[in-house]
Amino acid sequence: MKKTTLTKEIVQNAINTIVKDGFYPSIDRIRNITSGSKQRISQIRKELDSEKNILKPDEKIPKKNGASSTRNTFQHQELMLRMETRMAKMELLFTKQFADIDARLSIKESVEKNNIIKSLNDQLKQLEIKNALLVKQWNKEIEQVKKLTHALKQAKNKITNLEKINLASSPIKQIDINDFDTIQIVLTQFKAFANAQWGEEQNTEIALQKAVRQYLIEKWQEDAALLNNAVLDSKINAKYYIVVSISQTDKHYIVHCLILEINTEQLTSQREIYSDSKKAYEKVHQWLNQE
């Protein structure tokens, strides 16, 4: 829709209509009819006033009921006009101030956003530096693990080679525990252990401990579950080879001991039950340290 240009004629016609209806032609009433801006209406009113086209003090305004009355004085009318003009100026001033405040708030908000973005960027850079250091440290640790893994592999290969050499040079044949009586296994494995150097024949010592465990399980079948997981402690001297285990149940401590006399090859076994752990460990110490 095309916008109508506000003219003096339009404003004057609106004033005449309002006065005819018995009301004072205020800017708001004129604006309701003309739809113009308050500033433009105020300007045209001043021009019409200077041309003596607005209501004069001695004119009468007809009311809606057809009665007539004398209008307020011209001075009062001028005062109302000045007040409306003043209000229009104040409205314009407030509009400018609000726009200024809004612009300042926008600038402040923009600055705060920039500060937040800068702070986040700084934090991100610090995290990236920290992450780079962690990655560098992690790579060093991985390299160290690789070196240790390689060294462990070499050690295992060396142990395997030494075991092959020892087995080839030893006249004692490894015995399957399922081929002979348990007592004979213990005696035969002990001979293999006694003929070997201490600390170098680890397989022989393990095989001997397996034979001892099997012997104890067959002798005391009620303790089989305990002996399957028991740790065996052994000792050798000029007279004896001694193997001792200690197992804990809900209420007791059970100590098993197998003693092989070297010279006579006499094999003895014992089993003791204790309710006190101290006494049980004292018995273990006593067996392992007998001469």
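Predicted model, so just to flag it, every value in this text is computed and none were measured. (Residues numbered from 1 in each chain as written. Predicted model: local features only at pLDDT ≥ 70, side-chain atom pairs only at ≥ 80, totals over all residues. Heavy atoms only, no water.)

Comments concerning the sheet that holds strand 4 (residues 240-248)
Within the open sheet, the four strands sit side by side as 3-4-5-6. Their pairing is antiparallel. The open sheet has two edge strands with one neighbour each: strand 3 (232-236) and strand 6 (267-274). Each adjacent strand pair in this sheet contributes to an overall mean axis angle of 15 degrees, direction not counted. Here strand 4 runs beside strand 5 (residues 253-261); their pairing, made up of nine bridges, is antiparallel. For Val244, the partnering residue across the bridge sits in strand 5 and is Cys257. In the packing of helix 8 (residues 277-288) onto the sheet, contacts are made with strand 3, strand 4, strand 5 and strand 6, and the angle to strand 4 comes to roughly 165 degrees. (Pairing = 2+ DSSP bridges. Helix = DSSP H or I, 4+ residues; strand = E, 2+ residues; numbered from the N terminus. Axes fitted to C-alpha atoms, helices over the stretch in contact; angles between N-to-C directions. Contact = heavy atoms within 4.5 Å.)

Here we look at the nonpolar core
Val212, Tyr215, Leu216, Tyr241, Val243, Leu258 and Leu267 are the most contacted members of the largest nonpolar core, which totals 14 residues. Only helix 6 (202-219), helix 7 (224-229), strand 4 and strand 5 provide two or more residues apiece to this core. Of all the elements, helix 6 adds the most residues to this core, at five residues. Of all hydrophobic cores here, the second largest spans twelve residues; its members include Ile242, Val255, Cys257 and Ala280. (Core = buried A, V, L, I, M, F, W, Y, C linked by side-chain atoms within 4.5 Å. Buried < 20%, exposed > 50% of the residue type's maximum accessible area, 1.4 Å probe, protein only.)

Remarks on the packing of helix 1 (residues 8-20) against helix 3 (residues 38-50)
Taken N-terminus to C-terminus, the directions of helix 1 and helix 3 make an angle of 80 degrees; their axes are 10 Å apart at the nearest point. On the basis of their axis angle, the class for helix 1 and helix 3 is roughly perpendicular. In contact with Lys8, Val11, Gln12 and Ile15 of helix 1, helix 3 contributes Ile44, Arg45, Glu47 and Leu48. Per-class residue counts for the contact of helix 1 with helix 3 are four nonpolar, one polar and three charged. (Parallel < 35°, antiparallel > 145°, perpendicular 65-115°, else oblique. Nonpolar A, V, L, I, M, F, W, Y, C, P; charged D, E, K, R; others polar.)

Some remarks on the pairing of strand 5
With eight of nine residues buried, strand 5 lies mostly within the body of the structure. Counting the residues in the hairpin turn of strand 4 and strand 5 gives four residues. Here strand 5 folds back onto strand 6, and the loop between the two strands holds five residues, one of which, Glu265, carries a positive phi near 60 degrees.

Some details on the side chain of Thr34
Within the secondary structure layout, Thr34 lies in helix 2 (residues 27-34). Those residues in contact with Thr34 that sit more than four places away from it in its chain are Leu6, Ile10, Ala14 and Ile41.

With respect to the packing of helix 1 against helix 2
Running from N to C, helix 1 and helix 2 point in directions that differ by 115 degrees, and their axes come no closer than 9 Å. With respect to their mutual orientation, helix 1 and helix 2 come out roughly perpendicular. For the element pair helix 1 and helix 2, the recorded crossing hand is right-handed. For the pair helix 1 and helix 2, the contacting residues are Ile10, Val11, Ala14, Ile15 and Ile18 in the first and Arg29, Ile30, Ile33 and Thr34 in the second. (Left-handed = near helix turned anticlockwise from the far one by under 90°.)

As for the pattern of salt bridges
One pass over the full model with this rule turns up six salt bridges. Here Lys8 makes a salt bridge to Glu47, at a shortest N to O gap of 3.4 Å. Of this pair, Lys8 sits in helix 1 while Glu47 sits in helix 3, placing them 39 residues apart in sequence. The partly exposed category is assigned to Glu47, whose relative accessible area is 25%. Linking Glu109 and Lys113 is a salt bridge whose minimum nitrogen-to-oxygen distance equals 3.6 Å. Separated by four residues within a single helix, Glu109 and Lys113 lie in helix 4 (residues 74-169), roughly one turn from each other. (Salt bridge = Lys/Arg side-chain N within 4 Å of Asp/Glu carboxyl O.)

Some points on unusual backbone geometry
Comment: phi is negative for the bulk of residues other than glycine, and the bulk of peptide bonds are trans. With a phi angle near 60 degrees, Glu265 is a residue other than glycine that sits in the positive phi range. Tracing the backbone through its elements, the reader meets Glu265 in the loop between strand 5 and strand 6.

Structural notes on helix 3
Two residues of an α-helix separated by three or four positions point the same way, owing to the 3.6 residues in each turn. The end-to-end C-alpha separation of helix 3 is 18 Å, in line with the 18 Å expected for 13 residues at 1.5 Å each. All of the buried residues in helix 3 are Ile41, Ser42, Ile44, Arg45, Leu48 and Asp49. Each buried residue of helix 3 lies within a common arc of 165 degrees when the element is viewed along its axis, so the set occupies one face. (Expected span 1.5 Å × (residues − 1). Arc of directions from axis to C-beta.)

Quick word on the environment of Ile30
Here Ile30 lies in helix 2. Excluding anything up to four places from it in sequence, Ile30 contacts Val11, Ala14, Ile15, Ile18, Pro25, Ser35, Ile41 and Arg45.

As for a nonpolar patch on the surface
Together, Met90, Phe94, Phe98, Ile101 and Leu105 make up an exposed nonpolar region whose accessible area comes to about 500 Å². Along the chain, Leu105 falls in helix 4. (Patch = residues over 30% accessible without salt bridge, like charges linked within 9 Å, V, L, I, M, F, W, Y side chains within 5 Å. Areas by Shrake-Rupley, 256 points an atom, 1.4 Å probe, with all protein chains shown as cover.)

As for helix 8
Here helix 8 contains twelve residues, and its C-alpha end-to-end distance of 17 Å stays within 8% of the 16 Å for a straight helix at 1.5 Å per residue. Where helix 8 is concerned, the buried positions are Ala280, Lys283, Val284, Trp287 and Leu288. Buried residues in helix 8, looked at end-on, bunch into an arc of 130 degrees, giving them a common side. Turned more than 90 degrees away from the buried face of helix 8, the exposed residues are Lys278, Lys279 and His285. As for helix 8, its buried residues are in contact with strand 3, strand 4, strand 5 and strand 6. With a side-chain oxygen lying 3.2 Å from the backbone nitrogen of Lys278, the N-terminal cap of helix 8 falls on Asp276. (Polar contact = N/O pair within 3.5 Å; in protein donor to acceptor, adjacent residues only side chain to side chain.)

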